[in-house]
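A structural walkthrough
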Amino acid sequence: MERRVVITGLGVVTSLGWDLTTFWNHLVTGRSGIRRVQGFETSGLRCQIGAELLDFDASPYFANSRDAKRADRFIQYSVAASKMAVAESGLDLENLADPGKAGVFLGTGVGGLRTTEISQHVLDEKGPGKVSAFAIPMMIGNAAGGLVAMDFGITGPNFCVTSACATGCHAMGEAWKTIKFGDADVMIAGGSESAVTRLAFAGFGNMRALSRRNDEPERASRPFDLDRDGFVMGEGAGVVILEELESAKKRGATIFAELVGYGTSADAFHPTMPHPEGRGASQCMERALARAKLNPNQVEYINAHGTSTPHGDIAETMAIKQTFGDYAQNGLAVSSTKSMTGHLLGAAGGVELATCVLAIKNQVAPPTINLETPDPKCDLDYVPNEAREMPITSALNNSFGFGGTNATLIVSKFLG
C-alpha cells in the first residue's frame, strides 16, 4: 500500500510577516514587502532595493541570545520557521517513540553569504587570528538542519539541498519521497536564504538580473508585465511539516493539505537562462502531474516561479501552455507572489508551497501585483492586482533555478 504524505504544519519568515496570519493577510491585500535596502551601503550598486527583514528578532527561537548571534541569518530564519511549523503541527518531537523516524531536509541556495563577507573583511583587515572560530559553522548550508535536529533530538535522515532557486521545492520533494519509501514518518522540510548583501547585489546586479527601479521599490517586482526589468531579492524561510497520513491521523493532527506530486528536470541549456521554449519546465510539471495522478484540468491554481525577468516569465508561460493545453487560457489561474515577497532564492519554494496550502485552505488565489501593462507574450490569467475567491482543490508550485534545475510540487485538499 502506497504511503500518503500530508502537511500538518507551516512556518514562514518573510518581509510580509513571520506568522501565518500576517503573511497571508498581506498577500491577499496585495501589500509589497520591498523597500530601499537599509542593512548595508548601496552606493555604486545597480540595484538598491530588496525585501529585507529589518526588525526580525531570532533570540526567542534559540536557547539564548548568544546562540542566536552565532548563527548566520539564513540559519536564524530556518530555525525560526521550523519551530513555527512544529508548533503549528502540534507534534511533540522531543518525546517520539523512535527519534530515527523523524528527519530534516532544509536547503539554502547560497548559505551564510553574510558571514562569508564579514569574515573575508576581518581576514583582510585584521589577519587570520581575528577570524571567528564560529565562521565555518555559520557559513555551511547544512548547519540549519543540524541545529534543528539537535533542538528536537531527532536522528532520522538529515541533509541540505542546494539547487539555486529550486532548493526549497527539491528539499520538500525529497522529504516527501523519504516518507513514501518508509525511511521516515515525519520530515521538517523547506528552505531559507539571507542573500540581501552587498556582494550578492553586486554579482546579480552586474549580470543585469536585478531590477533597477530604485525609485519605485514597491512597484519594482512586476512579473509578466511588459515593463519588468529583473527580479528583486528577498530573504526569509519557508518550512513545512510533512507526515505520513496514518501517523498524522493516529495523533489527531490537523491536516492542511496532501502533498500528492513532485517532478524534477533539467533544461541542459544555459548556466543562467531558462530554455527559451520552456521545455524543461514543462517536463517538470508533466512529471508532477503524472505522479499525482491528476489531469491538467484538475489543477485550479499555479503559484508560478514568475521572477519578473524578461526571459524567465515568457519561458514559464510557454511551459504552462505546453503542459496544460487549451485549459491554460480557459480556467487556470496563475499568479506570482514574488511581486510582493521578492525572490527568496533557496527559500522561495518553501514560502510559495505554504502559499499554495493557504490558498487551498482559504479558497483564494493571491494576486500578481504591479501587472499594469501585460506582456503580449505572457497571455495567461495571472490574477492581476487583486486576490480572487475561487474553488481550489489542487495547486501547483514551480521553482526553477540557475543551472537549469527545475522542481514542481502539487498539493491537494485533503479529502480523507
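Residues numbered from 1 in each chain as written. Predicted model: local features only at pLDDT ≥ 70, side-chain atom pairs only at ≥ 80, totals over all residues. Heavy atoms only, no water.

Now for the side chain of histidine 305. Within the secondary structure layout, histidine 305 lies in the loop between strand 9 (301-303) and helix 11 (310-324). A polar atom in the side chain of histidine 305 sits 2.8 Å from the backbone oxygen of phenylalanine 400. Once residues within four sequence positions are removed from consideration, histidine 305 is found in contact with Cys165, Glu316, Ser336, Lys338, His343, Asn398, Ser399 and Phe400. (Helix = DSSP H or I, 4+ residues; strand = E, 2+ residues; numbered from the N terminus. Polar contact = N/O pair within 3.5 Å; in protein donor to acceptor, adjacent residues only side chain to side chain. Contact = heavy atoms within 4.5 Å.)

What follows covers the pairing of strand 6 (residues 186-193). When you tally the buried positions in strand 6, you get eight out of eight residues, the bulk of the element. Judged by which residues are buried, strand 6 turns out to be covered on both faces: Val186, Ile188, Gly190 and Ser192 on one side and Met187, Ala189, Gly191 and Glu193 on the other are all buried. Note that strand 4 (residues 102-108) and strand 6 share seven bridges and pair parallel. In the sheet register, alanine 102 faces strand 6, and the bridge partner there is valine 186. (Buried < 20%, exposed > 50% of the residue type's maximum accessible area, 1.4 Å probe, protein only. Pairing = 2+ DSSP bridges.)

As enumerated under the stated definition, the model contains zero disulfides in all. Cysteine 160 takes part in no disulfide bond, and the closest cysteine sulfur, belonging to cysteine 165, lies 15 Å away. Judged by its relative accessible area of 23%, cysteine 160 is partly exposed. (Disulfide = S-S within 2.5 Å.)

We now examine the pairing of strand 14 (residues 405-412). Strand 14 sits mainly inside the fold: eight of its eight residues count as buried. Burial along strand 14 is two-sided: Thr405, Ala407, Leu409 and Val411 facing one way and Asn406, Thr408, Ile410 and Ser412 facing the other are all buried. Looking at chain direction, strand 8 (residues 257-266) and strand 14 are connected through eight bridges and run antiparallel. Residue pairing for strand 14: serine 265 is matched across the bridge by asparagine 406. Inspection of the sheet shows strand 13 (residues 394-401) paired to strand 14 by eight bridges, in the antiparallel sense. Note on strand 14: the bridge partner recorded for asparagine 397 is leucine 409. If you look at the hairpin formed by strand 13 and strand 14, you'll find three residues sitting between the two strands, and glycine 403 has a positive phi there, around 90 degrees.

Our focus in this paragraph is the side chain of serine 82. Mapped onto the elements of the fold, serine 82 is located in helix 3 (residues 73-89). Within the structure, serine 82 has its side chain in polar contact with the backbone oxygen of serine 78 (distance 2.8 Å). In this structure serine 82 touches Leu106, Val148, Ile188 and Val239, once residues within four positions along its chain are discounted.

The next thing to look at is the pattern of salt bridges. For the structure on display, the rule yields 21 salt bridges. Glutamate 216 is the partner of arginine 213 in a salt bridge, and the nearest nitrogen-oxygen pair spans 3.3 Å. A salt bridge links aspartate 381 to arginine 388, with the nearest nitrogen and oxygen atoms 2.6 Å apart. Salt bridges sharing partners connect three or more residues here, namely Arg213, Glu216, Arg219, Arg222, Asp225 and Glu372. (Salt bridge = Lys/Arg side-chain N within 4 Å of Asp/Glu carboxyl O.)

Evaluation of the coordinates by the stated rule reveals ten aromatic pairs. A centroid spacing of 5.4 Å and a plane angle of 75 degrees characterise the contact between phenylalanine 56 and tyrosine 77, whose relative ring orientation is edge-to-face. In this pair, phenylalanine 56 sits in the loop between strand 3 (49-50) and helix 2 (65-69) while tyrosine 77 sits in helix 3, placing the two residues 21 residues apart along the sequence. Residue classification places tyrosine 77 among the buried residues on the basis of a relative accessible area of 0%. Measuring from ring centre to ring centre gives 3.9 Å for phenylalanine 224 and tyrosine 382, while their planes differ by 10 degrees; the resulting arrangement is stacked. Of this pair, phenylalanine 224 sits in the loop between helix 8 (198-206) and strand 7 (236-244) while tyrosine 382 is found in the loop between strand 11 (364-365) and strand 12 (388-389), placing the two residues 158 residues apart along the sequence. By relative accessible area, which is 3% here, tyrosine 382 ends up buried. (Phe/Tyr/Trp six-rings, centres within 6.5 Å; stacked < 30°, edge-to-face > 60°.)

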